[in-house]
Structure formats: C-alpha cells, structure tokens
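Tertiary structure, described
As a plain string of letters, each chain reads:
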Amino acid sequence: MLRHLVRFIVSLGVLLVASFAMIHLIPGDPVRASLGPAAPIELVQARTAALGLDRPLLEQFTTYVANLFSGNMGVSFLTGEPVGQVILTRLPNTLGLALLATVVAMLAAVPIGMWAAIRTENGRNRGTEATFTSVTGTAVAVPEFLYAIGLVTVFAIGLGLFPPAGKAGPASYVLPILALAIGPIAMISRISRVETLRELGTDYVRLARAKRLPAGRLYLRHVLPNTLTATLTIGGLLLTALIAGSVLVEYVFAWPGLGLKIVESITQKDYPVAQGVILVYGAIVLVVNFAVDLILGKLDPTSSIKET
C-alpha cells in the first residue's frame with residue numbers, strides 16, 4: 001500500500017505540473033487569444049494581471065497549487081463563472097455515463113467470453129472461434145465516436161427509436177452507453193475467453209468433471225470467480241479509458257458532461273476551464289488506478305508479490 005501511495009503522490013505531482021504548464025505552452029498570449037485580436041491592450045493587461053500571469057513563474061505555480069487545495073480553480077475567460085462550479089455541474093453526467101457503460105460492458109462481456117471458451121475448448125468448433133476472434137477484433141479497432149455516429153444515424157435518425165442528442169430521460173442514455181460499451185465488450189470478452197480456457201485446463205476442473213459435478217455449478221461457482229482477477233483489472237482501466245474516451249461521444253450526442261465542455265472550452269479558447277477539466281480527468285484516472293491496485297492486492301495477494 002505504501003509503494004502504491006508513493007507512486008500515486010508522485011503521479012499527482014506530475015499531473016499538477018503538467019496542468020500548470022498547459023496555459024504557458026500555448027503559442028502566443030493566451031489572454032489575447034481568448035479576448036480576440038481587437039481587444040484593447042488595457043483590457044488584455046488587466047485580465048493578465050487578474051489571472052496572475054504577469055508574476056514570476058515559481059510564484060504563479062505556488063499560487064496555483066495553493067488555490068487548488070483551497071478549492072479555487074480559477075474563473076472562465078468567457079463567462080466569469082468559477083471553473084470548479086462548471087466542473088461540479090457537469091462531472092456527474094460524465095461519471096454516470098462512464099460507470100453505466102462499464103457495468104454494461106462487464107455484464108455482457110464476461111458471459112460472452114465464457115460461452116466462447118466453453119464452445120471452443122480443446123480446439124472444438126473452429127468456425128465459432130474464427131467468428132468470435134474476427135468479430136471482436138474488428139469491434140475493438142473501431143473508435144467510439146464512429147459507433148456514436150452509426151448509432152445516431154440508424155436508431156435515432158433512421159428508426160426514431162431514441163433521441164439523437166441531449167440528456168432527456170432514460171432513453172437518452174441508451175445510445176451513448178452503447179457507443180462507449182461496444183468496444184470494451186469485445187475486448188473484455190476476448191480476455192474472459194482466454195482466462196476461462198486457462199481455468200478449464202486446470203486439475204480441479206478435470207477432477208470436478210470426473211466427479212460429474214453439474215456444469216452450471218462448475219462454471220458459475222468455481223471457474224467464474226477464478227477468471228475475474230484479470231477481468232477486474234481491465235475493468236478498472238476500462239473505467240478510466242471510458243471517462244477519457246467519452247469526450248468525442250459526448251460531443252456527438254451533445255451530452256452535458258465534461259467531454260463536451262472541454263471541446264467547447266478549447267474551441268472558444270477558454271483556457272482556465274480546459275485546464276481545470278484536464279486536471280480533473282487526470283486525477284480521476286490516478287484515483288481509479290490506485291483503487292484498482294489496492295482492490296487487486298486484497299483479491300489476489302500474489303499479484304503484489306509478483307510486482308515486488
């Protein structure tokens with residue numbers, strides 16, 4: 001736990017430095033870029049002083065970190081709204097979408113992977129194996145935003161079954177969740193199949209079959225728990241990937257989350273908002289990875305031993 005904690009703190013420090021450097025690495029004057037070329041020089045200077053961008057770099061960084069720990073993430077260039085308030089308003093929509101997509105992916109992928117493993121055990125059903133690997137391989141390769149566009153075109157515009165954009169009731173969740181979950185379902189099902197095949201070849205499974213243990217009991221009570229360690233590892237990484245990958249999906253569906261906001265803030269040159277959202281995205285990734293490491297250490301202590 002101490003080793004993971006030190007790694008987490010170091011990563012968080014790197015994230016703070018990177019998010020601070022973002023606004024200073026923008027070519028030209030970010031304040032001038034946000035206010036436009038026609039803005040009076042007095043306004044540019046006043047905004048620069050208000051943001052503290054005219055102070056020495058070390059003083060700016062110290063103030064930036066102190067403000068973060070006090071809950072002050074700055075204000076929007078465009079609206080003057082506190083960045084923290086913008087994030088708090090939209091973060092639940094992004095997290096809810098990513099969590100639901102993760103749950104859907106896990107619930108669908110594990111049974112699919114186990115079924116494929118049982119069907120193709122010991123080289124049986126070569127056609128099923130070829131179909132499974134080709135379909136899942138193709139599904140993993142397609143980006144989420146292409147799924148989003150295809151789902152909107154077919155099920156929203158073509159068939160009119162679901163709303164094409166916005167957050168308006170349970171039906172509006174269906175297409176964004178599917179767009180985020182299809183690729184992970186394919187990826188996790190491939191991993192689940194490999195893990196299940198490995199378990200099916202173990203001595204305890206052969207012994208259980210020799211004793212004529214019912215198949216349902218064997219697969220659900222014995223094989224399934226032993227295949228979940230790798231699946232949970234991928235599931236934790238999947239959650240962070242879906243949170244980050246939701247940016248373009250939210251943009252396609254006009255979903256009122258952080259993904260849509262970061263696209264808007266970058267296109268509108270609202271750099272404090274973009275800086276704050278990127279910092280939150282990075283912090284979420286670090287926290288989830290830290291939590292997954294600790295959970296896996298409890299579920300499978302040998303994983304910690306192997307790491308050392």
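Below: a short report on this structure. These figures come from a predicted structure and were not determined experimentally.

**Some thoughts on the packing of aromatic side chains**
Under the counting rule described, the total for this entry stands at 3 aromatic pairs. Consider the rings of Phe20 and Phe61, whose centres lie 5.2 Å apart with planes at 70 degrees: the pair is edge-to-face. Separated by 41 residues along the polypeptide, Phe20 in helix α1 (residues 2-25) and Phe61 in helix α4 (residues 57-69) bring together distant segments of the chain. Classification of Phe20 by relative accessible area gives buried; the value is 9%. Pairing Phe20 with Tyr64 gives two aromatic rings, centres 5.6 Å apart and planes at 45 degrees, and the pair type is tilted. Of this pair, Phe20 sits in helix α1 while Tyr64 sits in helix α4, and the two are 44 residues apart along the sequence. An aromatic cluster of three or more residues is present, and its members are Phe20, Phe61 and Tyr64.

**What about the nonpolar core?**
Ranked by internal contacts, the top residues of the largest apolar core, which has 43 residues, are Ile87, Ala179, Phe253, Leu258 and Val277. Here the element with the most residues in this core is helix α5 (residues 83-119); it accounts for 10 residues. Setting aside residues no more than four positions away along its own chain, Ile87 makes contact with Met73, Pro92, Leu258, Gly276, Val277 and Val280. Among the nonpolar cores identified, the runner-up in size contains 10 residues, and Phe8, Leu68, Leu286 and Phe290 belong to it.

Scoring rules and cut-offs
Residues numbered from 1 in each chain as written. Predicted model: local features only at pLDDT ≥ 70, side-chain atom pairs only at ≥ 80, totals over all residues. Heavy atoms only, no water. Phe/Tyr/Trp six-rings, centres within 6.5 Å; stacked < 30°, edge-to-face > 60°. Helix = DSSP H or I, 4+ residues; strand = E, 2+ residues; numbered from the N terminus. Buried < 20%, exposed > 50% of the residue type's maximum accessible area, 1.4 Å probe, protein only. Core = buried A, V, L, I, M, F, W, Y, C linked by side-chain atoms within 4.5 Å. Contact = heavy atoms within 4.5 Å.

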